[in-house]
Amino acid sequence: GGNRSFRLRALADGDGRCIVLLDDVTQAKATERMRVDFVANASHELRTPLATLTGFIETLQGPAAEDEPARQRFLAIMAQEADRMRRLIDDLMSLSRIELDKFIRPSQPLGLAGIAAEVARTLAMRLDADQRQLLIEEAAGLPPVLADRDQVLQVLHNLVSNALKYGRSGTPITVTLAAAGEMVRISVRDIGDGIAPEHLPRLTERFYRVDSQRSRTMGGTGLGLAIVKHIVERHRGRLEIDSRQGEGTVVSFTLPVAP
Ligand code: ADP
């Protein structure tokens, strides 16, 4: 279904005859549309915190100039908004860096348990603050994978962050590492509200969120899963999102075993 787009080309063959060529440009147009939408969305996302900052700057220059408690409150909000902009710019930079290479060529075999432990250390304060535990379950004799260390770190960091943001306070987050033929499967499981099935196919779209307000309050950029999907595909792996409403979510991805 759907409309297709064609580009028409007429070529003279030199003997007074004419050849007409039809190029199917449907895919090219869709790609261009996505690029335009992406730039528009990114600009909008950056403009929102910027508007808040501008508003508070004006208030600090005028009515709140002499009100010290108000000044302190406003400055704290401004710091938060600046932080949101920084996160968004970091994520945009990650996406464009990943998009440069179609497939990556890592040279070193990589042990995943160490990566999971590193993510646990990086997020220790946030895990503690929400009384969450990160459990790492590694299958015995798990082989190393062929993958870019920083990129795998980013994937796991994004998935555990999501489990933290959207899972229930006080419940554990489990990272499971298991062999699956020529691949290793890494799963991140949380206990929480889960995601309604109609959203699942769209979660890896840039800026797609089930609940924008909740994502913003939790400090989300809407780019986390888009980055995850890009990185996994560049490793020729697969990403799967499985969720039950009222129970929780499991996000899994595979990476190739190192030869
Ligand atoms: P965000 O920065 O908004 O978290 P992501 O791309 O990481 O962006 O995720 C997109 C959306 O998918 C989130 O806004 C949230 O609605 C949903 N989501 C992602 N992970 C989970 C999870 N573990 N549990 C429930 N919902 C999730």
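Residues numbered from 1 in each chain as written. Predicted model: local features only at pLDDT ≥ 70, side-chain atom pairs only at ≥ 80, totals over all residues. Heavy atoms only, no water.

1. Here we look at the environment of Arg9
Turning to its location among the elements, Arg9 is positioned in strand β1 (residues 6-12). Sequence spacing of Arg9 and Tyr166 is 157 residues, and the spatial spacing of their C-alpha atoms is 52 Å. Residues contacting Arg9, with those up to four places away along its chain left out, are Ile19, Val20, Leu21 and Asp23. Among the polar contacts listed, one links the side chain of Arg9 to the side chain of Asp23, at a separation of 3.1 Å. (Helix = DSSP H or I, 4+ residues; strand = E, 2+ residues; numbered from the N terminus. Contact = heavy atoms within 4.5 Å. Polar contact = N/O pair within 3.5 Å; in protein donor to acceptor, adjacent residues only side chain to side chain.)

2. Observations regarding the side chain of Ser252
Among the secondary structure elements, Ser252 is positioned in strand β9 (residues 248-256). Classification of Ser252 by relative accessible area gives buried; the value is 11%. Within the local environment of Ser252, its side chain forms a polar contact with the side chain of Ser187, the two groups lying 3.2 Å apart. If we ignore the near neighbours within four places in the chain, the residues touching Ser252 are Arg185, Ile186, Ser187, Arg238, Leu239 and Glu240. (Buried < 20%, exposed > 50% of the residue type's maximum accessible area, 1.4 Å probe, protein only.)

3. Notes on the pairing of strand β7 (residues 183-191)
By the bridge criterion, 7 bridges tie strand β6 (residues 173-180) to β7 in an arrangement that is antiparallel. Paired with Leu177 across the strands is Ile186, a residue of β7. Taking the residues between adjacent antiparallel strands as the criterion, β6 and β7 are bridged by 2 residues, where Gly181 takes a positive phi near 65°. Where β7 meets β9, 9 bridges bridge the pair, whose relative direction is antiparallel. Among the inter-strand pairings, Ile186 is bridged to a residue of β9, identified as Phe253. (Pairing = 2+ DSSP bridges.)

4. Notes on unusual backbone geometry
The backbone of Gln131 sits at a positive phi, close to 50°, despite the residue not being glycine. Looking at the element boundaries, Gln131 is found in the loop between α4 (124-129) and β4 (134-138). Despite not being glycine, Phe207 has its phi angle at roughly 70°, a positive value. Examined against the element boundaries, Phe207 turns out to sit in the loop between β7 and α6 (212-217).

5. A few points about the nonpolar core
Of all hydrophobic cores here, the largest spans 46 residues; its most connected members are Val175 and Ile186. Where this core is concerned, the elements lending two or more residues are α1 (26-61), α2 (68-100), α3 (112-122), α5 (149-166), β6, β7, α7 (224-234) and β9. For this core, the element with the most residues is α5, which contributes 8 residues. In this structure, Val175 is in contact with Ala116, Leu134, Leu135, Ile136, Glu137, Leu156, Val160, Ile186, Ser187 and Val188, ignoring residues within four places of it in sequence. Within the second largest apolar cluster, 8 residues are counted, among which are Ala64, Phe74, Met78 and Met85. (Core = buried A, V, L, I, M, F, W, Y, C linked by side-chain atoms within 4.5 Å.)

6. Focus: the environment of Val188
Turning to its location among the elements, Val188 is positioned in strand β7. Counting along the chain gives 29 residues from Val188 to Leu159, while the straight-line C-alpha distance between them is 6.6 Å. Contact partners of Val188, with chain neighbours within four places excluded, come to Leu156, Leu159, Val160, Ala163, Ile173, Thr174, Val175, Thr249, Val250 and Val251.

7. Details of the side chain of Thr171
Within the secondary structure, Thr171 sits in the loop between α5 and β6. If we skip the residues at most four places from it in the chain, Thr171 touches Gln131, Arg132, Gln133 and Ile191.

8. Digging into the site of the ligand
Tyr166, Asp190, Ser215, Thr221 and Gly222 are the nearest of the 17 residues found near the ligand. Contact distances for the ligand include 2.8 Å between an oxygen atom and a backbone N or O atom of Thr221. Gly222 has a polar backbone atom sitting 2.8 Å from an oxygen atom of the ligand. Alone, the ligand offers 540 Å² of accessible surface; in the complex the protein occludes 96% of this. Counting only elements with at least two residues in the shell around the ligand, the list comes to α5 and α7. Residue contributions to the shell around the ligand peak at 3 residues, all from α5. (Near = heavy atom within 4 Å. Areas by Shrake-Rupley, 256 points an atom, 1.4 Å probe, with all protein chains shown as cover.)

9. A few points about the packing of aromatic side chains
Across all of its chains, the model carries 2 aromatic pairs by this definition. For the ring pair Phe38 and Phe207, a centre distance of 6.0 Å and an interplane angle of 25° mean the geometry is stacked. Taken together, the residues span a long stretch of sequence, with Phe38 in helix α1 and Phe207 in the loop between β7 and α6 at a distance of 169 residues. With relative accessibility at 18%, the residue Phe38 sits in the buried group. Exposure remark for Phe207: the relative accessible area of 10% places this residue in the buried category. Between Phe56 and Phe74, the aromatic rings sit 4.9 Å apart at their centres with planes inclined by 45°, giving tilted as the arrangement. Placement of the pair is Phe56 in helix α1 and Phe74 in helix α2, with a sequence separation of 18 residues. Taking the ring centre of Phe38 as reference, the NZ or CZ of Arg206 above it sits at 4.2 Å. (Phe/Tyr/Trp six-rings, centres within 6.5 Å; stacked < 30°, edge-to-face > 60°. Lys NZ or Arg CZ within 6 Å of the ring centre and 35° of its normal.)

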